[in-house]
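Examination of the molecular architecture
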Amino acid sequence: MYTQAMDIPDAATKPAGVSRTPDAQDAAFEARIDADGRIEPQDWMPEAYRKTLVRQISQHAHSEIVGMLPEGNWISRAPSLKRKAILIAKVQDEGGHGLYLYSAAETLGTSRDQMLDALHSGKAKYSSIFNYPTLSWADVGVIGWLVDGAAIMNQIPLCRCSYGPYARAMVRVCKEESFHQRQGYEALLVMMKGSDAQKAMVQDAVNRWWWKCLAMFGPPDADSPHSAQGQRWGIKRISNDELRQKFVDATVPQAEVLGVTLPDPDLKWNEDRQHYDYGQIDWAEFWATVEGDGPCNRERLATRVKAHRDGQWVRDAALAHARKQQERTNKEAA
Ligand code: 3HC
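Every chain begins its residue count from 1, and numbering advances along the sequence as written. This being a predicted model, a pLDDT of at least 70 is required before a residue's local features are given, and a value of 80 or more before pairs of side-chain atoms are given or counted; all residues contribute to the totals for chains, interfaces and linings. To obtain the side-chain values, all non-hydrogen atoms of the structure were used and water was disregarded.

Overview of the overall build of the chain
Rule in force here: We count a stretch as a helix when DSSP gives it H or I for four or more residues in a row; a strand needs E for two or more, and each element gets its number in order from the N terminus. Every radius of gyration here is taken over C-alpha atoms, with the globule rule written as 2.2 Å times N^0.38, N being the number of residues. Remark: exposure states derive from per-residue accessible area (1.4 Å probe, protein chains only) relative to the maximum for the residue type, with buried under 20%, exposed over 50%, and partly exposed in between. By definition, residues are in contact when any of their heavy atoms lie within 4.5 Å. By the counting scheme adopted, Arg and Lys are positive, Glu and Asp are negative, and His together with the chain ends is not counted. Charged side chains are reduced to one point each, which is NZ for Lys, CZ for Arg, CG for Asp and CD for Glu.
When its secondary structure is counted, the chain shows 13 helices and two strands. The C-alpha radius of gyration of the chain comes to 22 Å, within 12% of the 20 Å expected for a compact globule of 334 residues. For the C-alpha atoms alone, the extent of the chain along its principal axes is close to 70 × 55 × 30 Å. Per-residue burial for the chain yields a buried fraction of 48% across its 334 residues. Residue pairs at least 24 apart in sequence account for 75% of intrachain contacts in the chain once pairs closer than 6 positions are excluded. Distance between charge centroids for the chain: 6 Å, based on 41 positive and 44 negative side chains.

Comments concerning the nonpolar core
Selection rule: Among buried residues, those of type Ala, Val, Leu, Ile, Met, Phe, Trp, Tyr and Cys that are joined through side-chain atoms within 4.5 Å constitute a nonpolar core.
Core analysis: the biggest nonpolar cluster contains 77 residues, and Tyr49, Leu53, Ile57, Trp145, Tyr163, Tyr166 and Phe247 have the highest contact counts within it. In contact with Phe247, not counting residues within four places along its chain, are Leu146, Gly149, Ala150, Met153, Trp210, Cys213, Leu214 and Phe217.

Some details on the site of the ligand
Which entries qualify depends on this criterion: The rule for a residue being near a molecule or strand is that one of its heavy atoms must lie within 4 Å of it. Polar contacts here mean pairs of N or O atoms no more than 3.5 Å apart (in protein, one a potential hydrogen donor and the other a potential acceptor; neighbouring residues in sequence count only if both atoms are side-chain atoms). All accessible areas in this document rest on Shrake-Rupley with a 1.4 Å probe, and a residue is counted as covered only by the protein chains that are shown. Residue classes follow a fixed rule: Ala, Val, Leu, Ile, Met, Phe, Trp, Tyr, Cys and Pro count as nonpolar, while Asp, Glu, Lys and Arg count as charged, and any other residue, Gly among them, counts as polar.
The local shell around the ligand holds 33 residues, among which Gln59, Glu94, Lys125, His226 and Lys236 are the closest. Between Lys125 and the ligand, the recorded distance is 2.5 Å, taken from a side-chain N or O atom to an oxygen atom. Within the contact set of the ligand, an oxygen atom lies 3.0 Å away from a side-chain nitrogen or oxygen of Asn154. Compared with its free state, where it exposes 1,000 Å², the ligand has 91% of that area covered by protein. Counting only elements with at least two residues in the shell around the ligand, the list comes to α2 (47–66), α6 (137–155), α7 (164–192) and α11 (283–293). For the shell around the ligand, a count of residues per class yields 13 nonpolar, 13 polar and seven charged.

Some words on the side chain of Thr134
Looking at where Thr134 falls in the secondary structure, it is placed in the loop between α5 (112–120) and α6. Polar side-chain contacts of Thr134 include one of 2.9 Å to the backbone oxygen of Pro70. A distance of 3.2 Å separates polar atoms of two side chains, one belonging to Thr134 and the other to Asn73. With residues near it in sequence (within four places) discarded, Thr134 still touches Pro70, Asn73, Trp74, Asp139, Ile143 and Trp209.

So this is what it looks like as structure tokens:
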């Protein structure tokens, strides 16, 4: 059978039902996690670990797919052929990321149809950040710089996730995301050398996206129900608050080079902490958006559901073609 695993089952994590008791299986799993080893699809794993991974990887996949929409909105209005080609490639990359991630989640025994049903019925989450509108061309640059910048900060540690297929998918995703971040920053640098109206457009986009990007990292550690276990299992390597701080520290100097002001009067260097202090995130607004009540939640979901329905004939045609090929192969073999 095809597998994404890079190894075959070994003594440490023998498949269930061979000669190990449940306690021994659990101990072998824990020992591998403690030794910072990788868990592969055919290895025994606790149900809670499997469930956590399906939740996180499928939410991540949904975020990539829904994340195509705010920027896709600007493909037909890009200001030059060069910018249009870059944007098309970027949006296509995001679609590809969603597909690697759905494949990684499928190795855990959940079908793509099940994951898509959960998204389309509003049961599954996707990143809060994609429920805000893209009002000007500068938003495309700011999404590249800040949203993809935040995504990379969160996703680099996932390349070391304890679950092999997820970790390997993230290596390629991160390479592409870093191109996305640089193209966004470069587009903004060009605009900041332009007219006053262009500079104002960039500043307006930064004002609207900054706080949403800080919230993207998830609730504060103290209010994050999954963090402790996720870190214990080596799924999450760095906490929500630590990643948020790393993002702020990395972004402030970039904003200075760009010549924009980050919209936070409390943002200042703290000599004692050797980090930037920053103001209060609006968590009520974040949770309302996560729960489906943000500015674009309904529109995003409706667009996704429609795209899926409109694509049904393609899936039907691909299956019919595969059936015909199989019949031909069977006939030739007979
Ligand atoms: N948007 C929506 N929901 C969020 C969220 C956000 N920004 N941050 C947290 N949540 C949800 C969690 O999913 C969880 O909900 P659930 O219990 O229903 O599953 C709840 O809030 C509590 O949060 P926790 O911190 O306890 O949850 P996690 O430990 O899973 O941490 C996470 C949240 C940091 C987002 C983590 O799941 C993660 O690292 N996921 C993988 C990366 C990812 O999904 N990134 C999304 C952006 S992808 C992207 O931006 C695409 C790129 O092209 C730009």
